[in-house]
Amino acid sequence: MNKNNYLRNLIGATSLLLTVAAFAQEYPAKPVRLVIGFPPGGANDIIARLIAPKLSESLGTNFIVENRPGANAIIGTDHVAKAAPDGYTIGLAGLSPLVMTTFTYAKIPYDSINDFAGITTVVMSPVLIVVHPALPARGLKELVALAKTQPGKLDFGTAGAGGTTRMLIELMNLTAGIKIQAVAYKGAAPALTDLLGGHVQGMAMDLPVLFPSVKSGKLRALAITPERRSPLLPEVATVAEQGFPALQSTNWYAIMAPAKTPRIIVERLHGAITKAAHAPELKEKFISGGFEPMTSASPEAYTAFLKQEFARWSKVAKAAKIKAE
């Protein structure tokens, strides 16, 4: 390369970097869409609608929650992956569409690690195992005993065909030697509606979604999946306390942008999201709703965490002999 060509290329590259930097410095100059892959009423929707106003306040523009439900959030998550990498379309997704779908779907249209610019986790949530009050079981051991007398007869609703709740049901089947049928819905809200109506017998779902129905007596909580009990439902024993440590788990939710989103925008979003999640008033709302703030120290820390989750749940999927469908 001669000197003139080198200078032209250098000037072009410098001009491009300055343009990107100037664009990023103005960000956000218009409303930002925060896409979730489930219908209103579920944990994803609750989290998004709690944090969006804080982000609007912090960054000086509207953050608009957009529900794009379908296929266990694959449709909404893929929409984010294929959006313009300009920071104006970002997504909030949980463990199910970002990790579990890899093991329960034969093919998904995005790569959770390479097709996104990961920003940070936001919160984690315990998972409750609940049943309709018409079912006589009052604990996991009673549920297992009942399921053994009725193999394949008990139906548990899930938020999608291949997600966290499905994995937990299949793992429970494996570890307890039972056969509970997983019935897939388009989200937590429609699954809950059918459970309250007695059309299915139980579910394993995020605590915030089920908490009001448990407190009102419309549903009975049998167990909670983290390593410790929830202060919201201190009377509900953990899965490990009831002799099922293999079911111990939590759900988590993260915000990501399309791959190739400028680093300066990712960093600006990371700072705003982590600040919002730990703001006293929002933190109080999260905790009272059953969530716990859980943010990543950096975008790289989030990516490292995501890779760890892939490794962990891959082992579970193999142990439970879950096959992609």
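Scroll up to find the structure this text is about.
Keep in mind the model is a prediction, meaning the values are calculated, not measured.

**Regarding the layout of surface pockets**
Right, so step 1: The space that makes up the largest pocket amounts to roughly 350 Å³.
Right, so step 2: Lining the largest pocket are 17 residues, with Met124, Pro126, Pro226, Arg228 and Glu292 sitting closest to its centre.
Right, so step 3: Considered class by class, the residues forming the lining of the largest pocket number seven nonpolar, five polar and five charged.

**Topic: empty space enclosed by the protein**
Empty space among the atoms becomes apparent when a probe as large as a water molecule is rolled across them.
Right, so step 1: By the definition in use, this model includes two cavities of 30 Å³ or more.
Right, so step 2: As for the largest cavity, its lining consists of 20 residues, and the residues nearest its centre are Asn44, Ala159, Met205, Asn251 and Tyr253.
Right, so step 3: Of all the secondary-structure elements, those providing two or more residues to the lining of the largest cavity are α2 (43-59), α4 (95-104), α6 (164-176), β8 (202-206) and β10 (251-258).
Right, so step 4: Broken down by element, the residue count for the lining of the largest cavity peaks at three residues, all from β8.
Right, so step 5: Broken down by class, the residue content of the lining of the largest cavity amounts to 10 nonpolar, nine polar and one charged.
Right, so step 6: Considering only enclosed or pocket space, the second largest cavity measures out at about 50 Å³ in volume.
Right, so step 7: In this structure, the second largest cavity is lined by Ser112, Ile113, Phe116, Gly118, Met256, Tyr302, Thr303 and Leu306.
Right, so step 8: Mapped by element, the contributors of at least two residues to the lining of the second largest cavity are β4 (116-125) and α11 (299-319).
Right, so step 9: Take the lining of the second largest cavity: its biggest share by element is three residues, from α11.
Right, so step 10: Of the residues in the lining of the second largest cavity, the class split is five nonpolar, three polar and no charged.

**With respect to the pattern of salt bridges**
Right, so step 1: One pass over the structure, following the stated rule, counts 11 salt bridges.
Right, so step 2: Residue Asp45 is joined to Arg49 by a salt bridge in which the shortest nitrogen-to-oxygen separation is 2.8 Å. Of this pair, Asp45 and Arg49 are both found in helix α2, four residues apart, which corresponds to roughly one turn of the helix.
Right, so step 3: The class for Arg49 is partly exposed, based on a relative accessible area of 41%.

**Focus: the environment of Thr295**
Right, so step 1: Of note, Thr295 is situated in the loop between β11 (292-293) and α11.
Right, so step 2: Between the C-alpha atom of Thr295 and that of Phe244, which follows or precedes it by 51 residues, the distance is 28 Å.
Right, so step 3: In this view, Thr295 contacts Thr120, Thr121, Val122, Thr274, Ala277 and His278; residues no more than four positions away in its chain are not counted.
Right, so step 4: Engagement of the side chain of Thr295 in a polar contact is seen with the side chain of His278, the distance being 2.8 Å.

**Brief notes about helix α3 (residues 74-81)**
Right, so step 1: Of all eight residues making up α3, six are buried, and the element is well covered by its neighbours.
Right, so step 2: Those residues of α3 not exposed but buried are Ile74, Gly76, Thr77, Asp78, Val80 and Ala81.

**Points about the sheet that holds β11**
Each strand in a sheet pairs with its neighbour through backbone hydrogen bonds, running either in the same direction (parallel) or in the opposite one (antiparallel).
Right, so step 1: The sheet built from six strands is open, its strands ordered β2-β1-β3-β10-β4-β11 with mixed pairing. Both outer strands of the open sheet, β2 (63-67) and β11, are each paired with one neighbouring strand and no more.
Right, so step 2: Here strand β3 (residues 89-94) runs beside β10; their pairing, made up of four bridges, is antiparallel. Opposite Leu92, over in β10, you have Ile255 as the bridge partner.
Right, so step 3: Packed onto the sheet, α3 meets β1 (32-36), β2, β3, β4 and β10 and runs at close to 145° relative to β3.

How each quantity is defined
- Each chain has its residues counted from 1, following the order in which its sequence is written.
- This being a predicted model, a pLDDT of at least 70 is required before a residue's local features are given, and a value of 80 or more before pairs of side-chain atoms are given or counted; all residues contribute to the totals for chains, interfaces and linings.
- The basis for the side-chain values is all heavy atoms of the structure; hydrogens and waters are excluded.
- Cavities and pockets were defined on a 1 Å grid built from protein atoms only: a cavity is a group of points that admits a 1.4 Å probe but offers it no way out, a pocket is an open group of points flanked by protein on both sides within 12 Å along at least five of seven lines, and a lining residue is one with an atom within 4 Å of any such point.
- Grid points are joined across faces, edges and corners, and a volume is the space filled by probe spheres set on the points.
- Just so you know the grouping, Ala, Val, Leu, Ile, Met, Phe, Trp, Tyr, Cys and Pro go in nonpolar, Asp, Glu, Lys and Arg go in charged, and all remaining residues, Gly too, go in polar.
- Helix and strand labels come from DSSP, where a helix needs a run of H or I of at least four residues and a strand needs a run of E of at least two; each type is numbered from the N terminus.
- Every case where a carboxyl oxygen of Asp or Glu lies within 4 Å of a side-chain nitrogen of Lys or Arg is listed as a salt bridge.
- Relative accessibility decides the category of a residue: with a 1.4 Å probe and only protein chains considered, values under 20% of the type maximum give buried, values over 50% give exposed, and everything between is partly exposed.
- Here a residue-residue contact requires only that any non-hydrogen atoms of the pair lie within 4.5 Å.
- Two N or O atoms form a polar contact when they lie within 3.5 Å of each other; inside protein one atom must be a possible hydrogen donor and the other a possible acceptor, and for residues adjacent in sequence the pair counts only when both atoms belong to side chains.
- Pairing between strands requires that DSSP locate at least two bridges from one strand to the other.
- Lines fitted to the C-alpha atoms define the axes, with helices restricted to the stretch that makes contact. Angles between their N-to-C directions range from 0 to 180 degrees.

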